[in-house]
Amino acid sequence: MQTIGAPGAGIAVAVENIFPPVPSEVILPLAGLTASRGHFSLTSAIAWTTAGSVVGAWALYLLGVKLGVQRLRVFADRMPLMKVSDIDRTVAWFNRHGRSAVFFGRLLPLFRSMISIPAGVERMPWWQFTFYTLLGSGIWNTVLILAGWQLGANWQLVERWTGVLQNVVIAAVAIALILFIVRRVRARRSARHATEDSSEPATRLNE
């Protein structure tokens, strides 16, 4: 961190948004620790890493723009247990809550990067996306950098606590996915049984 400086920390955060070789939960508190030892200022650490977060988010936003809603509909139509209407409902939800989703998404592990893609798919206004990304990322980065500044040599505690938060998010996503699969399988079984029951009277009449 002393070698790459605050600009290097910003580049690392930008890359982490796209492909996380080193998570921000390590980069940011370590930048705070390095700033506390006078190798660069606290302000520059926050500014550069937040700029890196925005640049990385722009890249995934453009990926979402290129992907588009129509391609997602085709994908959903080919996937088992999914429907085209699932994509339409998601798009409608993002139309209503896109700004909140981008802001709060930047404060949650896993969602921090991925929230940029649906924003691009939905063609959320670029300036809105940039503003709420800047706001959310600024808060996230500032908290973790200040934690590293305050904790000093114990900066690894930040990663430990953010790891707990990440596990909670993963568990919530896993539960939601399981519930979705169970409900969709039950719905398909019910539809199949209803079709079979309705065909039985017709078969008996033909006999």
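An unreviewed UniProt entry lists the chain under the name VTT domain-containing protein, from Enemella evansiae. Recorded in UniProt under Sequence similarities (unreviewed entry), the annotation for the chain is "Belongs to the DedA family." As stated in UniProt under Subcellular location (unreviewed entry), the record for the chain gives "Cell membrane".

Peer 1: Can you help me understand the overall build of the chain in this one?
Peer 2: Summing up its helical and strand segments, the chain has 8 helices and 0 strands in all. Element order for the chain, N to C, with α for helix and β for strand: α-α-α-α-α-α-α-α. Contacts in the chain between residues at least 24 apart in sequence constitute 76% of all its contacts with a sequence separation of at least 6. About 12300 Å² of surface is accessible on the chain, with carbon and sulfur atoms providing 66% of the total.

Peer 1: Quick question: what am I supposed to make of the packing of helix H3 (residues 42-78) against helix H7 (residues 126-151) here?
Peer 2: Two quantities define a packed helix pair, namely the angle between the axes and the distance from one axis to the other. Contact geometry of H3 with H7 gives a least axis separation of 8 Å together with a crossing angle of 140°. Classed by the angle they form, the pair H3 and H7 counts as oblique. The hand of the H3/H7 crossing is right-handed. Each of Leu42, Ala45, Ile46, Thr49, Thr50, Ser53, Val54, Ala57, Trp58 and Tyr61 in H3 lies in contact with H7, whose residues at this interface are Trp126, Phe129, Thr130, Thr133, Leu134, Ser137, Gly138, Asn141, Thr142, Ile145, Leu146 and Trp149.

Peer 1: How do you make sense of a positive patch on the surface when you look at a structure like this?
Peer 2: On the surface, a cluster of positive charge is made up of Lys83, Arg186, Arg188, Arg189 and Arg192. Among the secondary structure elements, Arg192 is positioned in helix H8 (residues 156-206).

Peer 1: Explanation requested: the confidence of the model for the chain in the structure shown.
Peer 2: Predicted coordinates in regions of low pLDDT should not be interpreted in detail. Mean pLDDT for the chain: 81, with 88% of residues reaching 70 or above. Looking across the chain, the model is least confident in H8, with a mean pLDDT of 70, and most confident in H7, with 91.

Peer 1: Is there a simple way to think about the nonpolar core in this case?
Peer 2: For soluble globular proteins, nonpolar side chains are generally found buried alongside one another. Ranked by size, the top nonpolar core spans 13 residues in total, and within it Leu28, Phe40 and Leu144 carry the most contacts. Put simply, the parts of the chain that give this core at least two residues each are helix H1 (5-18), helix H2 (24-36) and H7. Broken down by element, the residue count for this core peaks at 4 residues, all from H2. When sequence neighbours within four positions are dropped, the list of residues in contact with Leu28 reads Val13, Thr49, Trp140, Asn141, Leu144 and Ile145. Counting 9 residues, the second-largest nonpolar core is a separate cluster that includes Ala57, Tyr61, Phe94 and Ala119.

Calculation rules
- Residues numbered from 1 in each chain as written.
- Predicted model: local features only at pLDDT ≥ 70, side-chain atom pairs only at ≥ 80, totals over all residues.
- Heavy atoms only, no water.
- UniProt positions renumbered as here; feature names shortened; annotations may be inferred.
- Helix = DSSP H or I, 4+ residues; strand = E, 2+ residues; numbered from the N terminus.
- Contact = heavy atoms within 4.5 Å.
- Areas by Shrake-Rupley, 256 points an atom, 1.4 Å probe, with all protein chains shown as cover.
- Axes fitted to C-alpha atoms, helices over the stretch in contact; angles between N-to-C directions.
- Parallel < 35°, antiparallel > 145°, perpendicular 65-115°, else oblique.
- Left-handed = near helix turned anticlockwise from the far one by under 90°.
- Patch = residues over 30% accessible without salt bridge, like charges linked within 9 Å, V, L, I, M, F, W, Y side chains within 5 Å.
- Salt bridge = Lys/Arg side-chain N within 4 Å of Asp/Glu carboxyl O.
- Lys, Arg positive; Asp, Glu negative; His and termini not counted.
- Charge placed at Lys NZ, Arg CZ, Asp CG, Glu CD.
- pLDDT = per-residue confidence, 0-100.
- Core = buried A, V, L, I, M, F, W, Y, C linked by side-chain atoms within 4.5 Å.
- Buried < 20%, exposed > 50% of the residue type's maximum accessible area, 1.4 Å probe, protein only.

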